[in-house]
Amino acid sequence: MSGMNPKSANVGIVIVSHSPLVAEGAADMVRQMVGDCVPLAWSGGNAEGGLGTHAAGILAAIERAWSDAGVAVFVDLGGAETNSEMAIEMLGEPRSGRVIICDAPLVEGAVMAAAEASGGAALARVVATAEELSP
Amino acid sequence: MLTVLANAALIGGLIEACREVIAANADHLSELDRAIGDGDHGTNMRRGLEAVYADRSRLVQLPLPKALEETGLTLVMSVGGAAGPLYGTLLIEIGRRLVGANGEIDLARALEHAIDAVARRGRAGPGDKTLLDVLYPVHAEVVRRAGLAGISQQAERAASLTFGMRAMRGRAAFLGDRSVGHVDPGAKSCALLTAAICRFLEEQCPA
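Residues numbered from 1 in each chain as written. Chains lettered and ligands numbered in written order. Predicted model: local features only at pLDDT ≥ 70, side-chain atom pairs only at ≥ 80, totals over all residues.

Visitor: When you look at the overall build of chain B in this model, what are you seeing that I'm missing?
Guide: In terms of helices and strands, chain B carries nine helices and zero strands. When the helices and strands of chain B are listed from N to C terminus, the series reads α-α-α-α-α-α-α-α-α. In terms of C-alpha radius of gyration, chain B reaches 16 Å, essentially the compact-globule figure of 17 Å for 207 residues. Expressed along its principal axes, the backbone C-alpha trace of chain B runs to roughly 45 × 35 × 30 Å. Residue burial in chain B is summarised as follows: out of 207 residues, 51% are buried. The long-range fraction of contacts in chain B, counting pairs at least 24 apart against all pairs at least 6 apart in sequence, stands at 62%. (Helix = DSSP H or I, 4+ residues; strand = E, 2+ residues; numbered from the N terminus. Rg over C-alpha atoms; globule rule 2.2 N^0.38 Å. Buried ≥ 20, exposed ≤ 12 C-beta atoms within 10 Å, placed from the backbone. Contact = placed C-beta atoms within 7 Å.)

Visitor: Sorry if this is basic, but what is going on with the interface of chain A and chain B here?
Guide: Interface size is commonly expressed as the accessible surface area that is lost when the partners come together. Every contact between the two is made by 14 residues of chain A and, on the other side, 16 residues of chain B. Ranked by the residues each element gives to the side of chain A that touches chain B, the list is headed by helix H3 (residues 78–91) of chain A, at six residues.

Visitor: How do you make sense of helix H6 (residues 107–122) of chain B when you look at a structure like this?
Guide: Since the α-helix turns once every 3.6 residues, residues separated by three or four places project in the same direction. Residues and elements named next belong to chain B. Its 16 residues give H6 an end-to-end C-alpha distance of 22 Å, which sits within 8% of 22 Å, the value for a rise of 1.5 Å per residue. Where H6 is concerned, the buried positions are Ala 110, Leu 111, Ala 114, Ile 115, Val 118 and Gly 122. Take H6 and look down its axis: the buried residues cluster within an arc of 130°, on one side only. Exposed positions of H6 whose direction lies more than 90 degrees from the buried face are Asp 116 and Arg 120. Immediately beyond the C-terminal end of H6, within one or two residues, lies Arg 123, with a positive phi of roughly 45°. (Expected span 1.5 Å × (residues − 1). Arc of directions from axis to C-beta.)

Visitor: Teacher, can you tell me more about helix H4 (residues 106–118) of chain A here?
Guide: All names here are of chain A. Taking 1.5 Å of rise per residue, the 13 residues of H4 would be expected to cover 18 Å, and the 18 Å separating its terminal C-alpha atoms lies within 8% of that figure. Those residues of H4 lying buried are Gly 109, Ala 110, Val 111, Met 112, Ala 113, Ala 114, Glu 116, Ala 117 and Ser 118. One or two steps after H4, the chain reaches Gly 120, where phi turns positive at roughly 90°.

Visitor: Explain the sheet that holds strand E2 (residues 40–44) of chain A to me, please; I cannot follow it from the model alone.
Guide: Adjacent strands of a sheet pair through backbone hydrogen bonds, lying either parallel or antiparallel. All names here are of chain A. Pairing within the open sheet is parallel, and its four strands lie in the order E2-E1-E3-E4. The outermost strands of the open sheet, each flanked by one partner alone, are E2 and strand E4 (99–101). Averaged over all adjacent pairs, the angle separating strand axes in this sheet is 20°, with direction ignored. Pairing geometry for strand E1 (residues 12–17) and E2, over five bridges, is parallel. Note that in E2 the partner of Val 14 across the bridge is Ala 41. Here helix H1 (residues 20–34) sits on the sheet and contacts E1 and E2; the angle it forms with E2, its principal contact strand, is near 165°. On top of the sheet, helix H2 (residues 55–64) reaches E1, E2, strand E3 (71–75) and E4; it is set at about 175° to E2, its chief contact. (Pairing = 2+ DSSP bridges. Axes fitted to C-alpha atoms, helices over the stretch in contact; angles between N-to-C directions.)

Visitor: I would appreciate a short explanation of the pairing of E3 of chain A in the present structure.
Guide: Residues in a regular strand point their side chains to alternate faces of the sheet. Residue and element names in this part refer to chain A. Where burial is concerned, most of E3 is hidden: five out of the five residues are buried. Burial of the side chains of E3 extends over both faces: Val 71, Val 73 and Val 75 are buried on one face and Ala 72 and Phe 74 on the other. Note that E1 and E3 share five bridges and pair parallel. Looking at the pairing, Ile 15 lines up with Phe 74 of E3. Relative to E4, E3 runs parallel, the two being bridged by three bridges. Following the sheet pairing, Val 71 is matched in E4 by Val 99.

Visitor: For this particular structure, what's the right way to read the confidence of the model for chain B?
Guide: Predicted coordinates in regions of low pLDDT should not be interpreted in detail. Residues and elements named next belong to chain B. Of the residues in chain B, 97% reach a pLDDT of 70 or more, and the chain-wide mean stands at 94. Across chain B, helix H7 (residues 132–143) holds the top mean pLDDT of 98, while helix H4 (residues 64–79) sits lowest at 95. Of the two predicted TM-score estimates for the complex, the pTM is 0.90 and the ipTM is 0.82. (pLDDT = per-residue confidence, 0-100.)

Visitor: Would you mind going over the packing of helix H2 (residues 41–54) of chain B against H4 of chain B with me for this structure?
Guide: Helix-helix packing: each pair is described by the crossing angle between the helix axes and the interaxial distance. Residue and element names in this part refer to chain B. One can describe the packing of H2 onto H4 by two numbers: an axis separation of 8 Å at closest approach and a directional angle of 135°. The pairing of H2 with H4 is recorded here as oblique in orientation. In the crossing of H2 with H4, the sense of the turn from one axis to the other is right-handed. Contact residues: Asn 44, Met 45, Arg 47, Gly 48, Ala 51 and Val 52 in H2; Thr 71, Thr 74, Leu 75, Ser 78 and Val 79 in H4. (Parallel < 35°, antiparallel > 145°, perpendicular 65-115°, else oblique. Left-handed = near helix turned anticlockwise from the far one by under 90°.)

Shown next as structure tokens:
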């Protein structure tokens, strides 16, 4: 670990799942792939720690993974996407314009996006790489 | 009707009425959700309404539009699931548009704008078996200036009509045709809240 500045120039990755275990596990896989050179955070479960999603937790995760280069968000099921959209709006302009929810599988998308981000790719490139996985 | 009541009594009363009806029906709502979704709609809604209730001493001091917005934000932050952003968006947008440019309250116009925002947020439309299937008819009743009892009955009727619909959005959509034959939990909570609000207003301002 190089002790790199967490506010690195690389695009950040956020993982949102209804399950804290899934979110944390997917984040572990991303970490294994790219180490510390990509800002990374996850939000899993509802406000009480059960299965579900909540906008406040997602907003906090986006803040933790914030990069001025932007943040790519990966979601599992419906509520995860709706709550992520809400969290992005609450982030406010101009930062909300630099966060994109990817239409991609959660695990594969996050790992591939992170690999792309670790090479310094721009947000649009990172998102496109992940979305190539979706038919 | 909205101007007759003192602001704090109106806001406080609405919060209590909504909290009470959700608390009393949370188990039923979760049961409906277990049939076609992930079974947490009742507990999610109860968590949200309890959060609003806990904040009521602050909310009652705000002007009504601001109180609606803040209540919506609290629901977004506390409910979770898709219901949080959907109900949150509804209240936030009603609050933002309740008072027209002329300074008059125009509920029909505010509702129309807010329901459109909910439809966009959920990427859903009429007949998709969601809370919109209650919101659209409620709006129509408000537009034609139906009485409170009429609005309430129409909401309940609209919720029961989701029984025959095939879900197009949310977890229930994964079930396809098997989602037919169940009342949508979001439509049901929406009807319950509408009825509770109408009942409260009726008690305050008897015709």
